[in-house]
Amino acid sequence: MADSSDSVSIDMETFSLGSKEYLVRTHHGAVSVAVFGDQDKPALVTYPDLALNHTSCFHGLFFCPEASSLLLHNFCIYHISPPGHELGAAPIGPDDLMLSVDDLADQIVEVLNFFGLGAVMCMGVTAGAYILTLFAMKYRQRVLGLILVSPLCREPSWTEWLLNKVMSNLLYFYGMCGVVKELLLKRYFSKEVRAGVQVPESDVLLDERQTINIWQFLEAMNGRPDLSEGLRKLHCRSLIFVGENSPFHSEALHMTSKLDRRYSALVEVQACGSMVTEEQPHAMLIPIEYFLTGFGLYRATLSVSPRSPLSPCCISPELLSPESMGLKLKPIKTRISLEV
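Residues numbered from 1 in each chain as written. Predicted model: local features only at pLDDT ≥ 70, side-chain atom pairs only at ≥ 80, totals over all residues. Heavy atoms only, no water.

Chemist: Describe the pattern of salt bridges, naming the residues involved and giving the relevant values.
Modeler: Side-chain pairs of opposite charge can arise where the charged atoms are in close proximity. Evaluated as defined, the whole model comprises seven salt bridges. Each member of the salt-bridge network shares a partner with another, and the members are Asp102, Asp106 and Lys138. (Salt bridge = Lys/Arg side-chain N within 4 Å of Asp/Glu carboxyl O.)

Chemist: Which residues make up the side chain of Asp49, and what values go with them?
Modeler: Summarising the element assignment, Asp49 is placed in the loop between strand 4 (43-47) and helix 1 (54-57). Judged by its relative accessible area of 1%, Asp49 falls in the buried class. The contacts of Asp49, once residues within four sequence positions are left out, are Cys57, Val125, Thr126, Ala127, Gly128, Arg187, Tyr188 and Phe217. (Helix = DSSP H or I, 4+ residues; strand = E, 2+ residues; numbered from the N terminus. Buried < 20%, exposed > 50% of the residue type's maximum accessible area, 1.4 Å probe, protein only. Contact = heavy atoms within 4.5 Å.)

Chemist: Which residues make up the pairing of strand 4, and what values do they have?
Modeler: Most of strand 4 sits out of view: five of its five residues are buried. Burial along strand 4 is two-sided: Ala43, Val45 and Tyr47 facing one way and Leu44 and Thr46 facing the other are all buried. The pairing of strand 4 with strand 6 (residues 120-125) spans four bridges and is parallel. When the bridges of strand 6 are listed, Thr46 appears paired with Met123. (Pairing = 2+ DSSP bridges.)

Chemist: Give me the lowdown on unusual backbone geometry, citing residues and values where you can.
Modeler: The backbone phi angle of Ala51 is positive, close to 70 degrees, even though this residue is not glycine. Even without glycine at this site, Ala271 takes up a positive phi of about 55 degrees. For Ala271, the location among the structural elements is in the loop between strand 9 (264-269) and helix 13 (276-279). Note on Ala271: relative accessible area 46%, which makes it partly exposed.

Chemist: Report on the packing of helix 6 (residues 158-174) against helix 7 (residues 178-188), specifying residues and quantitative values.
Modeler: Contact geometry of helix 6 with helix 7 gives a least axis separation of 9 Å together with a crossing angle of 140 degrees. Relative to helix 7, helix 6 is oriented so that their crossing is left-handed. Counted together, Leu163, Met167, Leu170 and Leu171 of helix 6 and Val179, Val180, Leu183 and Leu184 of helix 7 form the full contact between these two elements. Class assignment for the residues of the contact of helix 6 with helix 7 results in eight nonpolar, no polar and no charged. (Axes fitted to C-alpha atoms, helices over the stretch in contact; angles between N-to-C directions. Left-handed = near helix turned anticlockwise from the far one by under 90°. Nonpolar A, V, L, I, M, F, W, Y, C, P; charged D, E, K, R; others polar.)

Chemist: Could you give an account of the packing of aromatic side chains, with specific residues and numbers?
Modeler: Describing an aromatic ring pair means giving the distance of the ring centres and the angle of the ring planes. Applying the stated criterion across every chain yields a total of 13 aromatic pairs. With a centroid separation of 6.3 Å and an interplanar angle of 65 degrees, the aromatic rings of Tyr22 and Phe114 are classed as edge-to-face. One end of the pair, Tyr22, is in strand 2 (residues 20-26); the other, Phe114, is in helix 4 (residues 101-115), with 92 residues separating them in the sequence. Neither Tyr22 nor Phe114 differs from the other in exposure class; each is buried. Seen in terms of ring centroids, Trp158 and Trp161 are 5.9 Å apart; in terms of plane orientation they differ by 75 degrees. Their pairing is edge-to-face. With Trp158 and Trp161 both in helix 6 and three residues apart, the pair spans about one turn of that helix. Looking at Trp161, the relative accessible area reads 33%, which means it is partly exposed. Ring pairs connect the aromatic residues Tyr22, Tyr78, Phe114 and Phe115, which therefore count as one cluster. One Lys or Arg, Arg224, reaches over the ring of Tyr130 and ends 5.9 Å from the middle of that ring. (Phe/Tyr/Trp six-rings, centres within 6.5 Å; stacked < 30°, edge-to-face > 60°. Lys NZ or Arg CZ within 6 Å of the ring centre and 35° of its normal.)

The quantities given are spatial measurements derived from coordinates; they are silent on function.
Okay, structure coming up:
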């Protein structure tokens, strides 16, 4: 259990479910962790993409009605923010050391130790998916499974590296200007969503970030190493989602090809960008349900209302077809498919 002498605990009345936010001090600086739910339950750790935190990266998934029985009812959620990405964060000081992706992964194990957690389930989006994958490779005994959304695993391509450098320079000299916002929104969402009115708060959310903090995370990700060769040895079970319109679609396909097929599955979500958690969260629910069943962490007969769309008696077979779910399911064998 957390020791208050080693952290700062802040009641967050703006969130439901009795959540608390902790500032956990690690050897690589302080990390903000928002905790939702009963800490006696199994732990699910999340890590967001660049310039986001849990309210802007995971809110759509965790607070859609069906997810409360699938995730919030069965887990205690530990939302880890990249350094300085939490709401109200102060700018990282000029004398603070620049953190590498290895440092960020090492922060996670210190967070787990602080809360007295053993092996955990992990969920990350794009840059956050890379950090959690690296964490799983370095601390294999601490990870039960990975749920990765539009993940990265290779070093940046020349195109990505150059784009990141442009964004990095703009952030450093001009802050969160209009060009940077547009680049970030293209990173997150499909063209259809960006052209509509479905993300009206995006400008406000990005304006609230400390640009120096985003710049440091971007620099760390732009210097990331290739994890491809180590993925075959990663034997924790992995479920990968990617939007077919994501700029990182090929990255997800590459990562899937490098993972052991006995332990991994890929779900492609049609007409969706990178941030499936916000753009099409409902497309994630049934694949996650079956994924978690293989761990014995989800019991539909115990935790799902008979009227819930996730209840077996409410799901007609034709609704489970990939076309009806807006998905393209890759025929990769998993523990779940073998047991069903």
